[in-house]
Amino acid sequence: MKNILILLAVIILSSCVSKKKYVALEQEKGQILSELTKTRVEKEDLENKFAIIESRVNEYNSKIQSLNDDVEGLTIDNKAKFEVSKDGTVTSGISREKMRETLKNVDQGKLAKATTLKDSMNLAVQYNLNKAISNSDLNEDNDIVIDINETVVMISIADDMLFNTASYNVGNKADKILKKLADVINSEPSLDVMVEGHTDSRSINTDKIADNWDLSVLRATSVVRKLQNQFKVTPEQLIASGRGSFQPLVENNSDTNRAKNRRTRIILMPNIDKFFAMMEAN
C-alpha cells in the first residue's frame, strides 16, 4: 500500500512539472510569433522604402543621361562655373579663357614671375593699358608726363594746358588733350579714373575760392565734368580729388618751379571686378 502511494505521488508530481514546461513553451512560442510578425512588417516597410529609392535613382540616372546627350550644354555649364583661387580671387571659366588669350601677348619673362592668379590678372590689365596708351598720341605732347607703375597709369598735365592762372574753368585749349585722354579711358571701361588737382604754395582767397584746397578740388571737378559731358566718359568711372599745395614736385622757390607744381594728375586704376565683368559680358 505504501509503495502504491509513493508511485501515485511521483506520477502526480511529474504531471505538474510537465504542465509548467508546457505553459512556458507556449509563452515562448507566442513571443517568437510576435517577433516574426514584427520582422515581416519591418521587411515590408524596408521593401517599400527601397522601391521608392530605386525609383528616384532611376529618375536621376535618366536626367544624367539626358545631360550627357547634350554635350554642348554641358560644355557651356562647365565654362560658366565659378572657382575660388588660393588668394581668394573668384573667376569663371569664361573669364579664365579670355585672360589666357590676353596673356599670350604678355612678356613671357614677366608672366613666369606671376605666382598667383591675381598676378596674372594684373599683367593682363597692364597689357591692355599699355596698348591703349600706345595707340593714342598722348605721349607726344611735351606738357604731358606719363608714368606707368605696374597696373597704375599716372598722367600729369601742366596747369597752363588746362586752366588760366588762379582759375578753375577748363579752357577750350584743353579739348585736344582731354579728347585723347577720354579715348584711352573709353577704350578700357574697367578703369577707375581719379582726377587729382595740385596747386603751388601761393595763397589764394576770393569770393569763389577759399584756399588752395578749394582751388585744387574745383579744378578736378571741372575736368571730370568735361570728360563726362563733352567726351562721354562714364561718370561711374570718375573720381574728383584735390591735393592743394601739399604734394609739390619741386620747391616752390621760383616761377618755373611753381609752374611745375601746378598740375592736374590723371590716375588710371584698373578695377579687377569691372575687368572680369567686362570679359563676361563680351
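Every chain begins its residue count from 1, and numbering advances along the sequence as written. Reporting in this predicted model follows two pLDDT cut-offs: at least 70 for local features of residues, and 80 or more for side-chain atom pairs to be given and counted; totals over whole chains, interfaces and linings ignore these cut-offs and use all residues. Each side-chain value is derived from all of the structure's non-hydrogen atoms; neither hydrogens nor water enter the calculation.

Asker: Which residues make up the side chain of Lys226, and what values go with them?
Answerer: Here Lys226 shows up in helix α7 (residues 212-229). Polar contacts, as counted here, are pairs of nitrogen or oxygen atoms within 3.5 Å of one another; within protein the pair requires one atom able to donate a hydrogen and one able to accept it, and residues that are adjacent in sequence qualify only if both atoms are side-chain atoms. Engagement of the side chain of Lys226 in a polar contact is seen with the side chain of Asp175, the distance being 3.1 Å. For Lys226, the contacting residues outside a window of four places in its chain are Val170, Gly171, Asn172, Asp175, Leu178 and Phe231. Elements are defined by DSSP. Helices are runs of H or I of four residues or more, strands are runs of E of two residues or more, and each kind is numbered from the N terminus. Whether two residues touch is decided by their heavy atoms; if any such pair falls within 4.5 Å, the residues are in contact.

Asker: Before we move on, can you summarise the environment of Ile209 with the specific residues and values?
Answerer: Secondary-structure assignment places Ile209 in the loop between β5 (191-198) and α7. Using a relative accessible area of 4% as the deciding quantity, one classes Ile209 as buried. Taking the C-alpha atoms as reference points, Ile209 and Tyr168, separated by 41 residues in sequence, lie 9.2 Å from one another. Aside from chain neighbours lying at most four places away, what touches Ile209 is Ala166, Tyr168, Ile204, Asp214, Leu215 and Leu218. Relative accessibility thresholds used throughout: buried, under 20% of the residue-type maximum; exposed, over 50%; partly exposed, between the two (1.4 Å probe, protein chains only).

Asker: Before we move on, can you summarise the pattern of salt bridges with the specific residues and values?
Answerer: A carboxyl oxygen of Asp or Glu within 4 Å of a side-chain nitrogen of Lys or Arg is what we treat as a salt bridge. Under the definition given, this model contains 11 salt bridges. One salt bridge connects Arg219 with Asp159, and the closest N-O pair in it is separated by 2.6 Å. Residue Arg219 is located in helix α7, and its partner Asp159 is located in the loop between β4 (152-158) and α6 (175-187); the two are separated by 60 residues in the primary sequence. Under the relative-accessibility criterion, Arg219 is labelled buried at 2%. The exposure class of Asp159 is buried, given its relative accessible area of 4%.

Asker: Give me α6: which residues, what numbers.
Answerer: To estimate the expected span of a helix, count its residues, drop one, and scale the result by 1.5 Å. Along its 13 residues, α6 runs 18 Å from first to last C-alpha, staying within 8% of the 18 Å computed at 1.5 Å per residue. Those residues of α6 that sit buried are Asp175, Ile177, Leu178, Lys180, Leu181, Ala182, Val184 and Ile185.

Asker: Now, about the environment of Val145: what can you tell me, with residues and values included?
Answerer: Relative to the helices and strands, Val145 is located in strand β3 (residues 144-149). Along the chain, Val145 and Ile155 lie 10 residues apart, while their C-alpha atoms are 5.6 Å from each other. Every residue in contact with Val145, bar those within four places of it in the chain, is listed here: Met154, Ile155 and Ser156.

Asker: Just give me the short version of the nonpolar core, but keep the residues and values in it.
Answerer: Grouped together as the largest cluster of nonpolar side chains are 31 residues, with contacts concentrated most on Ile155, Leu178, Leu181, Val223, Leu227, Ile266 and Leu268. Looking at this core, the elements that each hand over two or more residues are α5 (117-135), β4, α6, β5, α7 and β7 (263-270). It is α6 that contributes the most residues to this core, 6 residues altogether. Sequence-distant contacts of Ile266, defined by excluding residues within four places in its chain, comprise Val153, Met154, Ile155, Ile157, Leu181, Val193, Met194, Val195 and Val223. Residues belong to a common nonpolar core when they are buried Ala, Val, Leu, Ile, Met, Phe, Trp, Tyr or Cys residues joined through side-chain atoms within 4.5 Å.

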